[in-house]
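Structure at a glance
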Amino acid sequence: MLNVVIFGAPGSGKGTQSELIIKEYGLDHISTGDVLRAEMKNETELGKTAKEYIEKGQLVPDELIVNMLAKVLDSKENSKGVIFDGFPRTIPQAKALKVMLNERGTDVSVMLNLQVDEDELIHRLLERGKVSGRSDDNLETIKSRLEVYHNQTAPLAEYYIGEGKHVAIHGMGSIEEIFGRIKEAINAVK
Ligand code: B4P
């Protein structure tokens, strides 16, 4: 199985590039952000809890996310591989992912770390906010999300360097240019 973790700060293009990767390689897509937004829309218990965190720009607690992910993963049986978009975001989530994949006889193939300047991240998210209707795409929440990213998520790069899975991807430029860099990285592990 080809299991790709796409990683980066909020607005780094994880969702955007995931769509292109899925088309090119026929992978299944698991976006924890998308799953959480669907839960919020349907006003489930998980959705109501998640909303409180997301609106403040905070991460939803690991336990909720890991349980949610295990269910989604079980629905992707017989898959050629999965792109994990927005997961893991903390070290405990990364360790839980490893256990879940190992139990299913597979592992992470590569972790793509999209690297984008902070000014550009803010610009992209504010632009998205004009059309997305997302309650977390406003300047105050974006600033909290970036702080959370630096404190809790960015240290994951070291974890995947230790696992020998980390590839840095220059995430500035056109969507197609960035996708070209991603294809090179995936083809090297395929
Ligand atoms: P996510 O839904 O994962 O979203 P994101 O980090 O905001 O965005 P992404 O990087 O996918 O950016 P995109 O491609 O859309 O998370 C939302 C929230 O959910 C989190 O803050 C957290 O609270 C919660 N959550 C999710 N997963 C969690 C987890 N595992 N644990 C705990 N909590 C979790 O790109 C952004 C914009 O830039 C788009 O408008 C796009 O069109 C534009 N863009 C992309 N590439 C571009 C380029 N090259 N040039 C110009 N614009 C570009």
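Scroll up to find the structure.
Let me begin by describing the structure that accompanies this report.

**Here we look at the packing of aromatic side chains**
- Summed over all chains, the structure comprises two aromatic pairs.
- Between the aromatic rings of Phe-7 and Tyr-149, the centroid separation amounts to 6.2 Å while the plane-to-plane angle is 50°, which identifies the pairing as tilted. Remark: Tyr-149 occurs in helix H7 (residues 139–153) and Phe-7 occurs in strand S1 (residues 4–8); sequence separation between them is 142 residues. No difference in accessibility class separates Phe-7 from Tyr-149, as the two residues are buried.
- On the numbers, 5.0 Å between centres and 90° between planes, the contact of Tyr-159 with Tyr-160 is edge-to-face. Of the two residues examined, Tyr-159 and Tyr-160, each falls in the buried class.

**What about the site of the ligand?**
- Residues in contact with the ligand amount to 31 residues; listed here are only the nearest, Thr-16, Thr-32, Gln-58, Arg-128 and Arg-145.
- Contacts to the ligand include Lys-14, whose side-chain N or O atom sits 2.8 Å from an oxygen atom.
- Here a nitrogen atom of the ligand and a backbone polar atom of Gly-173 are 3.0 Å apart.
- When isolated, the ligand has an accessible area of 1,000 Å², and the protein chains bury 86% of it.
- Elements that contribute at least two residues to the shell around the ligand include exactly helix H1 (14–25), helix H2 (32–41), helix H6 (118–132) and helix H9 (175–187).
- Among the elements that take part in the shell around the ligand, H2 stands out by supplying four residues, more than any other.
- Tallied by class, the residues present in the shell around the ligand amount to 10 nonpolar, 12 polar and nine charged.

Thresholds applied
Residues numbered from 1 in each chain as written. Predicted model: local features only at pLDDT ≥ 70, side-chain atom pairs only at ≥ 80, totals over all residues. Heavy atoms only, no water. Phe/Tyr/Trp six-rings, centres within 6.5 Å; stacked < 30°, edge-to-face > 60°. Helix = DSSP H or I, 4+ residues; strand = E, 2+ residues; numbered from the N terminus. Buried < 20%, exposed > 50% of the residue type's maximum accessible area, 1.4 Å probe, protein only. Near = heavy atom within 4 Å. Polar contact = N/O pair within 3.5 Å; in protein donor to acceptor, adjacent residues only side chain to side chain. Areas by Shrake-Rupley, 256 points an atom, 1.4 Å probe, with all protein chains shown as cover. Nonpolar A, V, L, I, M, F, W, Y, C, P; charged D, E, K, R; others polar.

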